[in-house]
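Residue-level listing of the chains:
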Protein chains: 2
Amino acid sequence: MAPRDPKEDGFGVGGGGGAADPEADIEAPLLVSSGSSFLLDPALEDGGGDEEQRRRRRRFLHGSHTHSNTTSQVALVGADVCPIESLDYELIENDVFKQDWRAQGRGHILRYVALKWALCFLVGALSAAAGFVANLGVENVAGAKFVVTSNLMLDGRHGSAFAVFLASNFALTMLAAVMTVYVAPAAAGSGIPEVKAYLNGVDAPNIFSLKTLIVKVVGCIAAVSSSLHVGKAGPLVHTGACIASILGQGGSRKYHMTCRWLRYFKNDRDRRDLVTCGSAAGIAAAFRAPVGGVLFALETVSSWWRSALLWRAFFTTAMVAVVLRALIDFCQSGKCGLFGKGGLIMFDVTADYVTYHLIDLPPVITLGVFGGILGSLYNFFLDKVLRLYNLINEKGKTYKLLLAATVTVCTSCCLFGLPWIAACKPCPTDTGEACPSIGRSGNFKKFQCAMDEYNDLASLFFNTNDDTIRNLYSAGTDDEFHISSILVFFVASYFLGIFSYGLALPSGLFVPVILTGAAYGRLVGMLIGSQSTLDHGLFAVLGSAALLGGSMRMTVSVCVIILELTNNLRMLPLVMLVLLISKVVADAFNANVYDLLVRLKGFPHLEGYAEPYMRQLTVSDVVTGPLQTFNGIEKVGHIVHVLKTTGHNGFPVVDEPPFSDTPTLYGLILRDHLLVLLRKKDFIRSCTASTRNASNHFSHAEFAKRGSGKHDRIEDIELCPEELEMFVDLHPFTNTSPYTVLETMSLAKALILFREVGLRHLLVLPKSSKRAPVVGILTRHDFMPEHILGLHPFLFKSRWKKVRLGKVKVTNIF
Amino acid sequence: MAPRDPKEDGFGVGGGGGAADPEADIEAPLLVSSGSSFLLDPALEDGGGDEEQRRRRRRFLHGSHTHSNTTSQVALVGADVCPIESLDYELIENDVFKQDWRAQGRGHILRYVALKWALCFLVGALSAAAGFVANLGVENVAGAKFVVTSNLMLDGRHGSAFAVFLASNFALTMLAAVMTVYVAPAAAGSGIPEVKAYLNGVDAPNIFSLKTLIVKVVGCIAAVSSSLHVGKAGPLVHTGACIASILGQGGSRKYHMTCRWLRYFKNDRDRRDLVTCGSAAGIAAAFRAPVGGVLFALETVSSWWRSALLWRAFFTTAMVAVVLRALIDFCQSGKCGLFGKGGLIMFDVTADYVTYHLIDLPPVITLGVFGGILGSLYNFFLDKVLRLYNLINEKGKTYKLLLAATVTVCTSCCLFGLPWIAACKPCPTDTGEACPSIGRSGNFKKFQCAMDEYNDLASLFFNTNDDTIRNLYSAGTDDEFHISSILVFFVASYFLGIFSYGLALPSGLFVPVILTGAAYGRLVGMLIGSQSTLDHGLFAVLGSAALLGGSMRMTVSVCVIILELTNNLRMLPLVMLVLLISKVVADAFNANVYDLLVRLKGFPHLEGYAEPYMRQLTVSDVVTGPLQTFNGIEKVGHIVHVLKTTGHNGFPVVDEPPFSDTPTLYGLILRDHLLVLLRKKDFIRSCTASTRNASNHFSHAEFAKRGSGKHDRIEDIELCPEELEMFVDLHPFTNTSPYTVLETMSLAKALILFREVGLRHLLVLPKSSKRAPVVGILTRHDFMPEHILGLHPFLFKSRWKKVRLGKVKVTNIF
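Here the structure is a predicted model, which means the values were calculated and not measured. (Residues numbered from 1 in each chain as written. Chains lettered and ligands numbered in written order. Predicted model: local features only at pLDDT ≥ 70, side-chain atom pairs only at ≥ 80, totals over all residues. Heavy atoms only, no water.)

## Looking at the overall build of chain A
Each helix and strand counted, chain A has 33 helices and 16 strands in total. For chain A, the residues scored as buried account for 66% of the 814 residues in total. Partitioning the intrachain contacts of chain A with sequence separation of at least 6 by distance along the chain shows that 78% fall at a separation of at least 24. Entry remark: accessible area of chain A is about 26500 Å², with carbon and sulfur atoms responsible for 61%. (Helix = DSSP H or I, 4+ residues; strand = E, 2+ residues; numbered from the N terminus. Buried < 20%, exposed > 50% of the residue type's maximum accessible area, 1.4 Å probe, protein only. Contact = heavy atoms within 4.5 Å. Areas by Shrake-Rupley, 256 points an atom, 1.4 Å probe, with all protein chains shown as cover.)

Here it is as structure tokens:
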């Protein structure tokens, strides 16, 4: 499609222009904004938009998901469909910015740097506190539940025990679900896909609000305590990111709590850095793994990374480690109730435990291969179940609660019912641990057995996830579990994890996968038997690595996290080997679980590499829709009209004669900045008088980016007819250094520029000087494969498409 | 300075055009090439250029270094001044490339991916082998020397012992120096600055040649064995990078050993990735620290990083760990001579050794603060000494050898002389180790003492560096060393390290700093005495971290390397704390040692952030010199003339009427590609006949990038007068997707684009359509602070300059 002359369309809005495919016309109001980024569609916000929103939500959830990714401006955030928007990582270099910037002395810069570090410190300390509170809560709530249940079982009152177990699990699940559904739907799920999307440049309202933060922490405690197979790690990453974002926002204007000092952080770039540190702090707090946290943020979550950020993220996680250690030390004096060993899986592996030889290689390789297969199957089932759950959840809040209730009841029945099929085992005599263990945790649960016996399956089911993992990892326990018990536990844990994730409550994927992997590893160890000299505890650790590698596809970070969990570096080669094998095997089948979730949720995630077919196209092939430009000195009425009728977020400013000899591109102005101008009403009477000192009336702070999800709206600004006839000088507010590409640039190289520099708008310039100075704008939308393949269906048939759709996503490996 | 119309200058070359400052005229022949990248200046290469080269070298070494960085196209590579050149990371999307690319099926892609992994495997395995050979060599050579010396001392023949010690050290040093000076000058030094510059996009001939590789390994063994205070880590990084680069080159055309399969790697991007993996493998092999190696490459060496690369680098270092372990296992059977404990500092710290409490914080903080000060002082002295050494080395090969001889004699005298001032200590009775230890290693050296005594200073001096570090790190040895001995050793080690680095032989900085730091830590531990409960061995570990943090300024990688060295993760919070403190303190004084070396060597290293004053300038302010463009169909004679008279490496191709309505930018063509065209002589008779199928006569492989430092030269191509009158169609060979910026773009944002995308040429487009379609080219050169401040001296006086020159380089911290 040839790029259009911007003048050709005049005020032309709506209608989707000349988009070629028929579907584009159906989705016209959405496609119009191809020259804009993902924005709040006005129709979504005014009162009458309710029906439209419902319709779109339905289309999003039912329709071809892959297609709605790009044409819709909505995504599934937590448990609700929300409008999404692109972030501005580019420095808006207009006169106002430059003036403010020149006015900043050395003191400002030092204060900025000091604040940055202070914020990182706070993020670290608060994330550690949040992680500690989550653990403390889980250990005490779940602990109390297990103690009461165990005592009833001890008295032989099995029915009452089940009733207590079921009721408490039900109540806890419902608490989490009700809070999530009614207070903060964005808190549902792990939150890692949302954080990943945010760090890729996609914002959604409320993902980092205070409400979300509170619901996430409290809901996470309730959900994990309710014996659902969900983890704390994902929610803690989201919590860390929330804390970072809220701290960076510099208080709330609504509650008149603003901090002038924090004004430096009122932009998307600094917030991105803080949120990256926050997500690193989350993993560090979840696993007491500071280095692993940094690597996790680097490898999985973030899209942009600098050396300076590495250092700051490291500082943040170091603070997490220090604060966490202090809090745990405090608890060791017994002041924290049932928080005994602590819910943080920290497990010291003694050196003699880790001895391995060459003959152990085949079992370890086998473990990796099947771990990869099981991991990719995990992703496959999770995808199917989530699609089903989305359809149920979408029917309304009651359905969400009903779904959660159903799953928790089933889970409780499983956990209480399955141990009955296990045979009682006599207590070993040579163990230092009490057998059977009467308290909350321990390897030997009595359950229905006699006094000197224990039920090995109950020992796995009737503990918190952290304790079970610790039990499975422990050395010298090869005979403690019967193979059938481990098999039952593995299968139950595998599917419970899959069925528990999509509920409308905070739930992580990490811990269930580690747990299932530990069972899987023990199982393999038992099956291999005397063929290997490895301890079954070590097999459990390697099994966790294999399943994590197969499902999450992280390598370095998972490896370091496991090493930090077990505090032994000797296992490094084995863990690396297992991870590499399982990742390679699993990559042959499907994408990693976070990419899958991001796609399922409909976030327009921008990959860092170009798809092969992009080399076949130039940028002019994907630029669509009418381009809307403004004059350097523009009529207020025109601006208002354009803002009301389009959804574009950036407009090229062109100086036309008589202000210049020929039409000349002056720069790019943002919708947000235009709204500030209109609100301030600093207009001029005549089109000819260029009053460039207009910037003196504005301070840079007025243009500062507001908190996540907060926006001015053109509908809220009231202008009288007289004002609409006046003019406004856009020059001082226009970004004079927009990034540009020629229309003959290949799409692949434009994508690299767009992604590497972190852009929101990319101007397309004409090749020939005879035409208008700018012929289009590229946004995130225009690089989405679905958009491109929609415009150029012939690519579907070409083999490039085939390569892309093939099982091995080879471009990813490049 | 206003950008010039390219047409204005016609064939205009030379004379430095309108460069404003007087110095530009003096350096005219160099400044001409501002529109090009760092290239082989023709004058440097022809026979008569000898005098010119000497002159330039002299200017480089004597003159203001900061200025010659940018205006000269030479840098100090190893021990010699060499021409340097930019690398092409951009994909050259011309017709030939596209044709080749479309012809590649799925098989090609899979083969490419498989090869990539196979190469990584080979790089890992060979780096591990190189590391092992280096250690084996050092342990045996140095071991034999120490055994002979010890035995002579045992017999009381102190004079002979000294003679043997001195002579062997002298011989080993001379071996290393002669090899380096006469065979491969690029092998001198650690090589990390060269690798860092290469990964930033600056190439120099011979840094990765086979000769360099061999000299590096052999020279490193000799130099380290000669008791010079130099390390193996830096040379191993260079070795790993060499191996990667040589493997990626796909054999040698000269020896008719080319591998067709490896043709995919004949470009700078894939080589960069391989070299990154190679440098990670180097550190992994030096310290047996696979994760630390990856982080080192990420944090310190590389300039571009992708998630996919993280995975591949991790795979490479995993291979290093596996191969190294296998080789060491093989040696434990005693087949490797004196390679007993192995020269790889792997030191298991037992758990009880690492107990710390709140009262240990003040000593640790003190350690960090003084470590930072000592580290920055280390850098300061190193800088001064290197400048002095450069002046001496530059006088000729004999001077280089003399300098090395002087330093090794002084070192030997120090090492042999200083222990005499230490008092003999009686052997402890409760140690499991033999005292005095007669063999090569051990904590108790007899030296001149009686049979049941030992000399603690000799125990430190008369071991290999690795053994000394192990001794200093060992726990429960608080009383083994007298404080005066540790003090003497610390001071001697501090200055010996500084004076040993700049010699013309392979020498690393890492190990001397670790060693000095260990002594420093012990010293602090002794001074603090009973104020702290920490073991002195732990103090030594923390001291190493403090000095590394103060000198190298790495955080995450040093932290992980130290944890991997000591195999205990409990120290993590302490090590982190010390590193952060020492880095912050040292950053207040000067830059890190690698940045310092890169600058001293004159590499035009492109930083990832914009200096404040760059926001004040637009790209048109720094574009200098005449722009040379070609027509789409150009006369051969003109091309030859331009190539001979300019040093530019990229030329915009502009379609002029009658081939287009108005002058239109078609793309950018590289000098290398023009040379291929001229060599093939596929010319056309008339200017009008556009024979676009010319690309059929060429295969993509002909345009493949040749090995590092290998170039076609225009002088080697002979064309008859008739051919000079013919034409050549440049269209199929022109990159049609060059990156562009408008002339009004701020320099800071252009730098971000240039650096993030990894460009060599950035075209500057006019703002107004009335002018020529391209008004200039930006290269690496144009972003160098010295060039910009040379063009705009007023910035020197502005406070932006002050901020930049201030002690705290605040922009770095952002």
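## Overview of the sheet that holds strand β12 (residues 664-670) of chain B
Residue and element names in this part refer to chain B. Read across the sheet, 3 strands follow the order β9-β11-β12 without closing on themselves; strand pairing throughout is mixed. Each edge of the open sheet is held by one strand with a lone partner, namely β9 (630-631) and β12. Sheet analysis places β9 next to strand β11 (residues 650-655), joined by 2 bridges and oriented parallel. Residue pairing across strands places N631 opposite V654, the latter belonging to β11. Where helix α27 (residues 671-680) meets the sheet, its contacts fall on β9, β11 and β12, and the angle it forms with β12 comes to roughly 80°. (Pairing = 2+ DSSP bridges. Axes fitted to C-alpha atoms, helices over the stretch in contact; angles between N-to-C directions.)

## Considerations on the pattern of salt bridges
Residues and elements named next belong to chain A. Under the criterion given, the structure shown has 36 salt bridges over all chains. Of the charged contacts, one joins D273 and R272 as a salt bridge, the two residues approaching to 3.8 Å between their closest N and O atoms. The class for R272 is buried, based on a relative accessible area of 12%. Here D587 and R553 are joined by a salt bridge, their closest N and O atoms 3.1 Å apart. You can see D587 sitting in helix α24 (residues 572-587) and its partner R553 sitting in the loop between α22 (536-551) and α23 (556-566), a full 34 residues away along the chain. For R553, a relative accessible area of 4% puts it in the buried group. A network of salt bridges, in which partner residues are shared, links E85, D88 and R760. (Salt bridge = Lys/Arg side-chain N within 4 Å of Asp/Glu carboxyl O.)

## Regarding the UniProt feature "domain: CBS" (unreviewed entry) in chain A
Sequence positions flagged by UniProt for "domain: CBS" (unreviewed entry) are, in local numbering, residues 734-794 of chain A. The span residues 734-794 of chain A is 31% helical and 16% strand by assignment, and the distance between its end C-alpha atoms comes to 39 Å. (UniProt positions renumbered as here; feature names shortened; annotations may be inferred.)

## Quick word on the packing of helix α9 (residues 158-183) of chain B against helix α17 (residues 397-417) of chain B
Residues and elements named next belong to chain B. One can describe the packing of α9 onto α17 by two numbers: an axis separation of 9 Å at closest approach and a directional angle of 150°. The orientation of α9 relative to α17 falls into the category roughly antiparallel. The two elements α9 and α17 cross, and the hand of that crossing is right-handed. (Parallel < 35°, antiparallel > 145°, perpendicular 65-115°, else oblique. Left-handed = near helix turned anticlockwise from the far one by under 90°.)

## Examining the relation of the copies chain A and chain B
One copy of the chain maps onto the second through a rotation around an axis plus a translation along that axis. When chain A is brought onto chain B, the operation consists of a screw motion whose angular component is 180° and whose axial shift is 0.1 Å, with 0.1 Å RMSD remaining. Taken together, the rotation and translation relating the two chain copies correspond to the operation of a two-fold axis. Across chain A, the smallest distance between a C-alpha and the rotation axis is recorded for A:S769, namely 2.4 Å. (Least-squares fit on C-alpha atoms with pLDDT ≥ 70 in both.)

## Observations regarding the nonpolar core
Counting 355 residues, the largest nonpolar core has A:F287, A:F510, B:F287 and B:F510 as the members making the most contacts within it. Counting 58 residues, the second largest nonpolar core, distinct from the first, contains A:L751, A:V775, B:V622 and B:A748. (Core = buried A, V, L, I, M, F, W, Y, C linked by side-chain atoms within 4.5 Å.)

## Quick notes on the side chain of B:N592
Residue and element names in this part refer to chain B. Within the fold, N592 resides in the loop between α24 (572-587) and α25 (593-601). Given a relative accessible area of 16%, N592 falls into the buried group. Among the polar contacts made by the side chain of N592, one reaches the main-chain amide nitrogen of Y594 at a distance of 2.8 Å. Beyond its immediate sequence surroundings of up to four residues, N592 is in contact with N379, S551, M552 and R553. (Polar contact = N/O pair within 3.5 Å; in protein donor to acceptor, adjacent residues only side chain to side chain.)

## Re the sheet that holds strand β16 (residues 776-778) of chain A
All names here are of chain A. Ordered in space as β14-β15-β16, the 3 strands form an open sheet in which the pairing is mixed. Of all strands in the sheet, those bounded by a partner on one side alone are β14 (740-742) and β16. The average undirected angle you get between the axes of adjacent strands in this sheet is 35°. Note: strand β15 (residues 762-765) against β16, 3 bridges, orientation antiparallel. From the neighbouring strand, L762 faces β16, where its bridge partner is L778. Packing against the sheet, helix α29 (residues 747-757) makes contact with β14, β15 and β16, and its axis sits at approximately 150° to β15.

## Looking at the interface of chain A and chain B
Each side of the interface is counted separately: chain A has 91 residues, and chain B has 91 residues. Between chain A and chain B lies a buried interface of about 8000 Å² when both sides are counted; carbon and sulfur atoms form 67% of it. Linking A:K749 and B:E90 is a salt bridge whose minimum nitrogen-to-oxygen distance equals 2.8 Å. The tally of links from chain A across to chain B stands at 16 residue pairs in polar contact (both at pLDDT 80 or more). Here the element with the most residues in the side of chain A that touches chain B is helix α15 (residues 307-331) of chain A; it accounts for 11 residues. Class assignment of the residues belonging to the side of chain A that touches chain B gives a composition of 50 nonpolar, 19 polar and 22 charged. (Buried area = accessible area lost by both parts, 1.4 Å probe. Nonpolar A, V, L, I, M, F, W, Y, C, P; charged D, E, K, R; others polar.)

## Regarding the packing of helix α26 (residues 636-645) of chain A against helix α27 (residues 671-680) of chain A
All names here are of chain A. At a minimum axis separation of 11 Å, α26 and α27 run at an interaxial angle of 135°. It follows from the interaxial angle that α26 and α27 lie oblique. Here α26 runs over α27; the crossing is left-handed. Residues V636, I639, V640 and L643 of α26 lie in contact with α27, whose contacting residues are R671, L674, L675 and L678. Among the residues forming the contact of α26 with α27, the class breakdown is 7 nonpolar, no polar and 1 charged.

## Some points on the packing of aromatic side chains
Each aromatic ring pair is described using two quantities: the centre-to-centre distance and the angle formed by the ring planes. Residues and elements named next belong to chain B. Counted under the stated rule, the structure contains 50 aromatic pairs over all chains. An angle of 35° between the planes, with centres 6.4 Å apart, marks the rings of F146 and F165 as tilted. With F146 in helix α8 (residues 106-154) and F165 in helix α9, the pair connects residues that are 19 residues apart, well separated along the chain. When sorted by exposure, F146 lands in the same class as F165, which is buried. Centroid distance F490 to Y494: 5.8 Å. Interplanar angle 55°. Geometry classified as tilted. Of this pair, F490 and Y494 both sit in helix α20 (residues 483-501), 4 residues apart, which is roughly one turn of that helix. (Phe/Tyr/Trp six-rings, centres within 6.5 Å; stacked < 30°, edge-to-face > 60°.)

## Topic: the state of the cysteines
All told, the structure shown has 2 disulfides over all chains when counted by the stated rule. Across the disulfide from A:C424 sits A:C449; the S-S distance is 2.0 Å. Measuring handedness by torsion sign, the sulfur bridge of A:C424 and A:C449 sits at about -90° and is left-handed. Linking A:C424 in the loop between α17 (397-417) and β7 (425-426) with A:C449 in the loop between β7 and β8 (453-454), this pair joins segments that are 25 residues apart in sequence. Just so you know, A:C559 is unpaired, no disulfide at all, and the nearest cysteine sulfur is the one on B:C559, 15 Å from it. Here B:C559 falls in the buried class, since its relative accessible area comes to 0%. (Disulfide = S-S within 2.5 Å.)

## Quick notes on the environment of A:L765
Residues and elements named next belong to chain A. Note that L765 resides in strand β15. Take L765: its relative accessible area is 4%, and that puts it in the buried class. Separated by 192 residues in sequence, L765 and P573 place their C-alpha atoms 52 Å apart.

## Some words on the environment of A:A313
Tracing the sequence through the fold places A:A313 in helix α15. Sequence spacing of A:A313 and A:G608 is 295 residues, and the spatial spacing of their C-alpha atoms is 22 Å.

## Thoughts on the environment of A:F296
Residues and elements named next belong to chain A. One can find F296 in helix α14 (residues 290-301). Residue class for F296 comes out buried when judged on its relative accessible area of 0%. In this structure the C-alpha to C-alpha distance between F296 and A284, which are 12 residues apart in sequence, comes to 9.2 Å. Residues within four places of F296 in sequence aside, it is in contact with I192, V237, I283, V301, F510, M554 and S557.

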